[in-house]
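Overview (structure and organization)
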Amino acid sequence: MNENEIAKEVVDAAYQVHRKLGPGLLETVYEVVLAYELKKRGVTDQKLKEYRRKRDFSKTIEPKGSIQETGLRRFSIQEHQATHLHYDLRLELDGVLKSWAIPKEPPTEAGVKRLAVQTEDHPLDYIYFEGIIPEGQYGAGIVSVWDKGQIELESREEEKIIFLLRGERLTGRYALIHTRGNQWIFFKTK
Ligand code: MN
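Small disclaimer: the values here were computed from a predicted structure and weren't measured.

1. Considerations on the overall build of the chain
On a plain count of helices and strands, the chain comes out with three helices and nine strands. In sequence order, the chain lays out its α and β elements as α-α-α-β-β-β-β-β-β-β-β-β. A sequence separation of at least 24 residues applies to 51% of the contacts in the chain between residues at least 6 apart.

2. Looking at the environment of N2
With respect to the helices, strands and loops of the structure, N2 is situated in the segment before α1 (3-21). When near neighbours in sequence (up to four residues on either side) are disregarded, N2 contacts Q68 and E69.

3. A closer look at the environment of I67
Looking at the element boundaries, I67 is found in the loop between α3 (46-53) and β1 (74-81). Considered as a pair, I67 and L48 are 19 residues apart in the sequence and their alpha carbons are 7.7 Å apart.

4. Re the nonpolar core
Taken as a class, soluble globular proteins show a tendency for nonpolar side chains to be buried jointly. In this structure, L89, L97, A116 and F186 are the most contacted members of the largest nonpolar core, which totals 23 residues. Elements represented by at least two residues in this core include exactly α3, β1, β2 (85-93), β3 (96-102), β7 (160-167), β8 (171-180) and β9 (183-188). Discounting residues that sit within four places of it in the chain, L89 has contacts with I77, S99, W100, I102, P106, A116 and F186.

5. Remarks on the environment of T189
Of note, T189 is situated in the segment after β9. For T189, the residues in contact, after removing those within four places along its chain, are A110, R173, Y174 and A175.

Calculation notes
- Residues numbered from 1 in each chain as written.
- Predicted model: local features only at pLDDT ≥ 70, side-chain atom pairs only at ≥ 80, totals over all residues.
- Helix = DSSP H or I, 4+ residues; strand = E, 2+ residues; numbered from the N terminus.
- Contact = placed C-beta atoms within 7 Å.
- Core = buried A, V, L, I, M, F, W, Y, C linked by C-beta atoms within 7 Å.
- Buried ≥ 20, exposed ≤ 12 C-beta atoms within 10 Å, placed from the backbone.

In structure tokens form, the structure reads like this:
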């Protein structure tokens, strides 16, 4: 059962309580019951905790999002004109977007290796996000989608991910290899 399915059950349960308690309490009841039900089922929201901790959703237009299993394997690369222009690679894995910030333009040809710094998991709703993150907020600047498409996973190990990209700019077989800390190398294979 994923978070959305649980949430649906919880909403129903919360409505029953709401009808007894009266208006105004629904949201609080929902949040309390959701947290309880998630914990009971061993589902934790840890994956997006870092993402949410960094953002003030009353100030940014970025999605709060949730963990979802869509059965799809998508990717996107967002051009992010922040303090330094960089490209955010996002791979749909484990119900979230595994994310890496690439300081230089991602390679379309084999033979070019790029540093890719792993960043916090992003919610799936972020995949095609475009817009302006306001001044003073985390990642302030302009985000636009630079590439998007499908991934076919060839192999996935702790420190090595090999996959095919079917995007508009990036196509072919790519690798992400962990080097140290949060640093990885991203390149197109021969
Ligand atoms: Mn970024």
